Amino acid sequence: MTQHVEQLEFQAETHQLLELMIHSVYSNKDTFLRELISNASDALDKLRLDSYKDKDLHVDTSDLHIELEVDADNRVLTVRDNGIGMSRAEVVDLIGTLAKSGTAELRKKLNEAKSAAGDPAELIGQFGIGFYSTFMVADKVTLTTRRAGETEGTRWESTGESTYTIETLDEAPQGTTVSLHLKPADEDDHLFDYTQEWKLREIVKKYSDFIAWPVRMQVERTVTEGEGEDKTEKTVIEDQTLNSMKALWTRPKSEVSDEEYKEFYKHVSHGWDDPLEIIPLKAEGTFEYQALLFIPSHAPFDLFTREHKRGVQLYVKRVFIMDNCEELMPEYLRFVKGVVDAQDLSLNVSREILQQDRQIQMIRKRLVRKVLSTVKDLQGATLEEKPDQQKYQTFWKEFGRVLKEGLLSDVDNRETILQVSSFASTNSDEELTTLAEYAERMNDGQDAIYYMTGESRQQVESSPHMEAFKAKGLEVLILTDPVDEMWVGSVPEFDGKPFQSVAKGEVDLESEDEKKASEALREQQDKDFAEVLTWLGKTLDESVKEVRLTNRLTTSPACLVGDVFDFTPMLERMYRASGQLVPETKRILELNPTHPLVTGLREAYDTRKDDADEGKVPELTETAELLYGTAVLAEGGELKDPARFAHILTDRLTRTL
Ligand code: ADP
């Protein structure tokens, strides 16, 4: 008897997305089985753990396994597990929603890709579709499940179009059964006959051999009985386990093929890409553990969202303990996937215990160092033009922004992170530079590493702050990731060379000789401009904290700079965007004493000094405002009162005609 049948709609566009995913991306349809077995294996892990922790959960865990069943006549393939199962609510939540929170994000990106020159296929490839990959091979999927400890079951059914049905069952075996009503085979479309024993065997061996639970199937076998004349052949049906169940991380690297590692990576990461780098490691001695880590080749779409789950899987003596063990991987390495199997922890460990466990801390330290040294090796390969040289570039493009977070949070490894980081610079339009390379190119007498932060390369390059640096041929790092704003303020130096912003503090780019030569001129300028600077300071008091002369400008009349420890405008905006209250930082207006606008302003002021000081010369006040406004605009900033700026400017232009 069934009850409470409901027909529910998928989220808008799910069907469309599904079609797109199935037809445009996943040419390898065999992988649907890997997804189902991977889900079943996770469900068995969870049940074993729950039954261990919850003594009231009376379930038989003596024969946890996965079963494949074929009904060739009706073309139905069933994958069954006796794992944790799902409640009705979980089915709606987990199965009724394609790719969960990712869907909205995916849709947004697809729309962006349509308008830009992006490739939607590559985009979709970043989003695993898990359970839904079954619709690549089936035109109807039925899932029956009962959660361990509950009495009622749930049946979910869909043809992968816009709706699915869900009903409550009075009875159902504990665990999950997924039945696929297979589409007709079409080998040209890589759609094979998944009722064939050899095909299923091949797929399990290829994609799921390492799964720790037996994947069984009933097979027909011919046996010979009797001897000589009495010999008869008989067909018997027997259960066979199709996978070797060997935990990959316990096997020496030399015995594991790349293919096996790749498939295991897909299982632990729920990913569809190949790993960029595979990192097996092992510790013996006081506390033993084995680990198998992976650096993915693509950043997941949610790397910068709250939903992103960090950390590797924790096993204790081959028994799965938890997913996303954050205690084993710092935030800035949240893209690392894999498994850690510790020998000496209790199976009963909780998150609270882990947080204080000295062993876990030691393991984490070692994992971090190992990941960083792997990145360093990739970088080394780049320098030596080894076959791996592309890998570092890929790594940096995908994860550089995340790794740089470690410059703030992991002081112990700061030096290494600085070493493996790459930055855009004025030295090359395309190639990134390491700090060591920058240091080698430093001019004689240059003692600081110059940088400028901003929102884009173009904005930084055309900023007035760069003028003198360009004129002197000094290389400037162009830092445009939001995280750059955060770390450059707190990392004092690299290899003894301090970081210095070209938009902060006073710039002194003249050599001793140049200084001597221009000393007299400077003194004269200071004298000539003293009064107009004081007047400007008063007039622009609401916007700036000081007005002074500079020699950092060659073509622009003015620019804005901050004091060394001031927030930059971008950092202020970032803090505000995250909801924090930040007082407005007033900056310093620097003027180019050789620019005709600046000298003209001085002369105009000098002739009407007294009236100007009393605020009685609106043209002069307006010129000061325009000067300030153009400095804001030139660095890509926003004016507080753009309408007023436009008004003064239009007025001026009209008078020039
Ligand atoms: P993913 O496995 O990548 O999370 P899926 O779409 O394959 O995405 O599955 C969604 C969720 O549904 C899983 O995370 C799991 O919670 C649940 N699920 C799927 N298959 C099973 C199963 N056989 N037993 C229990 N829960 C399952």
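Residues numbered from 1 in each chain as written. Predicted model: local features only at pLDDT ≥ 70, side-chain atom pairs only at ≥ 80, totals over all residues. Heavy atoms only, no water.

### A short note on the pairing of strand 14 (residues 337-342)
Inference 1: Burial of strand 14 is extensive: six of the six residues sit out of reach of the surface.
Inference 2: Residue alternation in strand 14 divides its side chains into two sets, Lys-337, Val-339 and Asp-341 and Gly-338, Val-340 and Ala-342, and both sets are buried.
Inference 3: Bridge count between strand 11 (residues 289-296) and strand 14: six bridges; the pairing is antiparallel. The partner of Gln-290 across the bridge, within strand 14, is Asp-341.
Inference 4: Strand direction decides the pairing type here: strand 12 (residues 312-316) and strand 14, joined by four bridges, are parallel. (Buried < 20%, exposed > 50% of the residue type's maximum accessible area, 1.4 Å probe, protein only. Helix = DSSP H or I, 4+ residues; strand = E, 2+ residues; numbered from the N terminus. Pairing = 2+ DSSP bridges.)

### As for the pairing of strand 13 (residues 319-325)
Inference 1: Counting buried residues in strand 13 gives five out of seven residues, a clear majority hidden from the surface.
Inference 2: Of the strand pairs in this sheet, strand 12 and strand 13 are connected by four bridges, and their pairing is antiparallel. When the bridges of strand 13 are listed, Tyr-315 appears paired with Phe-320.
Inference 3: Linking strand 12 back to strand 13 in an antiparallel pair, the connection comprises two residues, with Lys-317 at a positive phi of about 45 degrees.

### A look at the packing of helix 2 (residues 31-53) against helix 6 (residues 197-208)
Inference 1: The geometry of helix 2 relative to helix 6 is characterised by a closest axis approach of 9 Å and an angle of 65 degrees between their N-to-C directions. Where helix 2 crosses over helix 6, the handedness of that crossing is right-handed. Contacts from Thr-31, Leu-33, Arg-34 and Ile-37 of helix 2 reach helix 6 at Leu-200, Ile-203, Val-204, Tyr-207 and Ser-208.
Inference 2: Tallied by class, the residues present in the contact of helix 2 with helix 6 amount to six nonpolar, two polar and one charged. (Axes fitted to C-alpha atoms, helices over the stretch in contact; angles between N-to-C directions. Left-handed = near helix turned anticlockwise from the far one by under 90°. Contact = heavy atoms within 4.5 Å. Nonpolar A, V, L, I, M, F, W, Y, C, P; charged D, E, K, R; others polar.)

### What about the side chain of His-267?
Inference 1: Here His-267 shows up in helix 7 (residues 258-269).
Inference 2: Of the residues examined, His-267 reaches a relative accessible area of 7% and is grouped as buried.

### Looking at the pattern of salt bridges
Inference 1: According to the stated counting rule, one finds 53 salt bridges in the structure shown.
Inference 2: Between Glu-67 and Arg-80 there is a salt bridge whose closest N-O contact spans 2.7 Å. Of this pair, Glu-67 sits in strand 2 (residues 66-71) while Arg-80 sits in strand 3 (residues 76-81); the two residues are 13 residues apart in sequence, bridging distant segments of the chain.
Inference 3: Relative accessible area serves as the criterion here: at 24%, Glu-67 is assigned to the partly exposed category.
Inference 4: On the basis of relative accessibility, which here comes to 25%, the residue Arg-80 falls in the partly exposed class.
Inference 5: In this structure, the salt-bridge partner of Glu-572 is Arg-576, at a minimum N-O distance of 3.2 Å. You can see Glu-572 and its partner Arg-576 sitting in helix 18 (residues 569-577), four residues apart, about one turn around the helix.
Inference 6: With a relative accessible area of 37%, Arg-576 lands in the partly exposed category.
Inference 7: Several salt bridges converge on common partners, so that one network encompasses Arg-34, Glu-35, Glu-259, Lys-262, Glu-263, Lys-266 and Asp-274. (Salt bridge = Lys/Arg side-chain N within 4 Å of Asp/Glu carboxyl O.)

### A few points about the sheet that holds strand 10 (residues 275-283)
Inference 1: Across the sheet, which stays open at both edges, the five strands sit in the order 10-11-14-12-13 with mixed pairing between neighbours. The sheet terminates laterally at strand 10 and strand 13, the two strands that pair on one side only. When strand polarity is set aside, the average angle formed by the axes of neighbouring strands in this sheet is 15 degrees.
Inference 2: Against the sheet, helix 7 makes contact with strand 10, strand 11, strand 12 and strand 14, and its axis sits at roughly 85 degrees relative to strand 11, the strand it touches most.
Inference 3: Most of the contacts of helix 10 (residues 389-403) go to strand 10, to which it runs at about 95 degrees, and overall it touches strand 10 and strand 11.

### Observations concerning helix 6
Inference 1: The terminal C-alpha atoms of helix 6, which comprises 12 residues, lie 16 Å apart, in line with the 16 Å expected from a rise of 1.5 Å per residue.
Inference 2: When helix 6 is considered as a whole, its buried residues turn out to be Lys-199, Leu-200, Ile-203, Val-204, Tyr-207 and Ser-208. For helix 6, the angular spread of the buried residues around the axis is 130 degrees, confining them to a single face.
Inference 3: Check the buried side of helix 6 and you find it contacts helix 2, strand 2, strand 3, strand 8 (215-225) and helix 7. (Expected span 1.5 Å × (residues − 1). Arc of directions from axis to C-beta.)

### Regarding the domain arrangement of the chain
Inference 1: Here the domain parsing of the chain yields domain 1 (2-229), domain 2 (248-379), domain 3 (422-502) and domain 4 (518-656).
Inference 2: Look at where the C-alpha atoms of domain 3 and domain 4 centre, and you get two points 25 Å apart.
Inference 3: On the side of domain 4, 19 residues touch domain 3, which itself brings 16 residues to the contact.
Inference 4: If you look at where domain 3 meets domain 4, you find one salt bridge.
Inference 5: A salt bridge links Glu-455 to Arg-573; its shortest N-O distance comes to 2.8 Å. (Domains from an automatic or database assignment.)

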